[in-house]
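Tertiary structure, described
Take a look at the letters that make up each chain.
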Amino acid sequence: MALYNEIHIPSIDDSKLDNDKEKKKIYNVLYLLQEQIKYMFSNIDEENVSKAAVTRMYNNTNKNIDAAMKKYLAEATELLQGVEEAEKVRAEAEALRVEAETLRQQQFEEIMEKLNAKLAELEGE
């Protein structure tokens, strides 16, 4: 287990909070606590943890991974459905574009026929 040195925590009351020296003591205690916590968490290994704790952590990790995977799978499925829907809309838009182009071509040909007929009529006069 990581070494633990007991830290003397100064007594704190409202009157000491205005004193810079007391604030410095409090800051130092907090800093020491932070350093001990960092040391402790960076030195935890299988010697410092019971098998039951390791099993619980492993099971919790697996549950978290499973939950995340289910979430990502659901999001991926939703995205895929969106892509499929977008592809359908794109295909429909392309069909409409082709249909519009065909109609435009037919209208152009009809106008050209009328113009040619009118030109022929005018030339015959």
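Residues numbered from 1 in each chain as written. Predicted model: local features only at pLDDT ≥ 70, side-chain atom pairs only at ≥ 80, totals over all residues. Heavy atoms only, no water.

**Observations regarding the overall build of the chain**
Of the regular secondary structure elements, the chain holds two helices and zero strands. At 40 Å, the chain has a C-alpha radius of gyration far larger than the 14 Å of a compact globule built from 125 residues. Here the C-alpha coordinates of the chain stretch approximately 120 × 45 × 20 Å along the principal axes. Accessible surface, the chain as shown: approximately 11500 Å² in total, 59% of it carbon and sulfur. Side-chain charges in the chain split into 17 positive and 26 negative, and the spacing between the mean points of these groups amounts to 12 Å. (Helix = DSSP H or I, 4+ residues; strand = E, 2+ residues; numbered from the N terminus. Rg over C-alpha atoms; globule rule 2.2 N^0.38 Å. Areas by Shrake-Rupley, 256 points an atom, 1.4 Å probe, with all protein chains shown as cover. Lys, Arg positive; Asp, Glu negative; His and termini not counted. Charge placed at Lys NZ, Arg CZ, Asp CG, Glu CD.)

**As for the environment of Met57**
Looking at where Met57 falls in the secondary structure, it is placed in helix H2 (residues 51-124). Along the backbone, Met57 and Glu87 are 30 residues apart, and their C-alpha atoms lie at a distance of 44 Å.

**Description of a nonpolar patch on the surface**
Taken together, the side chains of Ile37, Met40, Phe41 and Ile44 present a nonpolar region at the surface, about 380 Å² in accessible area. Tracing the sequence through the fold places Ile37 in helix H1 (residues 20-42). (Patch = residues over 30% accessible without salt bridge, like charges linked within 9 Å, V, L, I, M, F, W, Y side chains within 5 Å. Salt bridge = Lys/Arg side-chain N within 4 Å of Asp/Glu carboxyl O.)

**Some thoughts on the pattern of salt bridges**
Per the stated rule, a full pass over the model turns up six salt bridges. With a shortest N-O distance of 3.2 Å, Glu35 and Lys38 are connected by a salt bridge. Taken together, the residues Glu35 and Lys38, both in helix H1 and three residues apart, mark about one turn of the helix. A salt bridge links Glu94 to Arg97; the nearest nitrogen and oxygen atoms lie 2.7 Å apart. Taken together, the residues span about one helical turn, with Glu94 and Arg97 both in helix H2 at a distance of three residues. The exposure class of Glu94 is partly exposed, given its relative accessible area of 32%. (Buried < 20%, exposed > 50% of the residue type's maximum accessible area, 1.4 Å probe, protein only.)

**Here we look at the environment of Asn19**
Among the secondary structure elements, Asn19 is positioned in the segment before H1. You can call Asn19 partly exposed: its relative accessible area is 35%.

**Quick notes on the environment of Leu119**
One can find Leu119 in helix H2. When its relative accessible area of 47% is taken as the criterion, Leu119 is described as partly exposed. Spatially, the C-alpha atom of Leu119 lies 87 Å from that of Asn60, the residues being 59 residues apart in sequence.

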